[in-house]
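An overview of the molecular structure
Residues per chain, in single letters:
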Amino acid sequence: MAAVEYPSAVRQAIIHGAWVGAVEGIVFYGVLGRINGWTSLVTIGFGILGLVMGWTTDTQREIGHTVKIEE
């Protein structure tokens with residue numbers, strides 16, 4: 001991977017991680033919403049937590065899979 005391609009790969013990893021985090025957050029919210037109620041702070045909090053955790057872990061995984069820059 002050339003040095004000029006690395007920022008593009010990182011940007012794509014962040015965008016992909018955002019999509020994965022959004023899906024995980026929606027799933028968490030949907031599951032807990034049926035149990036605790038749709039406006040419960042616990043449900044909303046776990047939905048946001050799922051979004052953040054999904055986003056960061058997938059982004060880290062994607063960046064880890066990028067080929068290291070050759071010097």
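Up top is the structure.
Summary of the structure given here. Computed from a predicted structure; not experimentally measured. (Residues numbered from 1 in each chain as written. Predicted model: local features only at pLDDT ≥ 70, side-chain atom pairs only at ≥ 80, totals over all residues. Heavy atoms only, no water.)

1. Let's talk about the overall build of the protein
Helix and strand counts for the protein come out as two helices and zero strands. Looking at the protein as a whole, 21% of its 71 residues are labelled buried. Here the protein displays about 5200 Å² of accessible surface, and carbon together with sulfur accounts for 69% of that area. (Helix = DSSP H or I, 4+ residues; strand = E, 2+ residues; numbered from the N terminus. Buried < 20%, exposed > 50% of the residue type's maximum accessible area, 1.4 Å probe, protein only. Areas by Shrake-Rupley, 256 points an atom, 1.4 Å probe, with all protein chains shown as cover.)

2. Quick word on the packing of aromatic side chains
Tallied over the entire structure, the rule returns one aromatic pair. Consider the rings of Tyr29 and Trp38, whose centres lie 5.6 Å apart with planes at 50°: the pair is tilted. Owing to a relative accessible area of 30%, Tyr29 belongs among the partly exposed residues under this scheme. A residue is classified by how much of its surface remains accessible, and Trp38, at 45% relative accessible area, is partly exposed. (Phe/Tyr/Trp six-rings, centres within 6.5 Å; stacked < 30°, edge-to-face > 60°.)

3. What about the side chain of Thr43?
Secondary-structure assignment places Thr43 in helix α2 (residues 41–65). Only 3.4 Å separates the side chain of Thr43 from the backbone oxygen of Leu32, close enough to count as a polar contact. Look past the residues within four positions of Thr43 in its chain and what remains in contact with it is Tyr29, Leu32, Gly33, Asn36 and Gly37. (Polar contact = N/O pair within 3.5 Å; in protein donor to acceptor, adjacent residues only side chain to side chain. Contact = heavy atoms within 4.5 Å.)

4. So, the side chain of Thr59
As for its position among the elements, Thr59 is in helix α2. Every residue in contact with Thr59, bar those within four places of it in the chain, is listed here: Ala13, Ile14 and Gly17.

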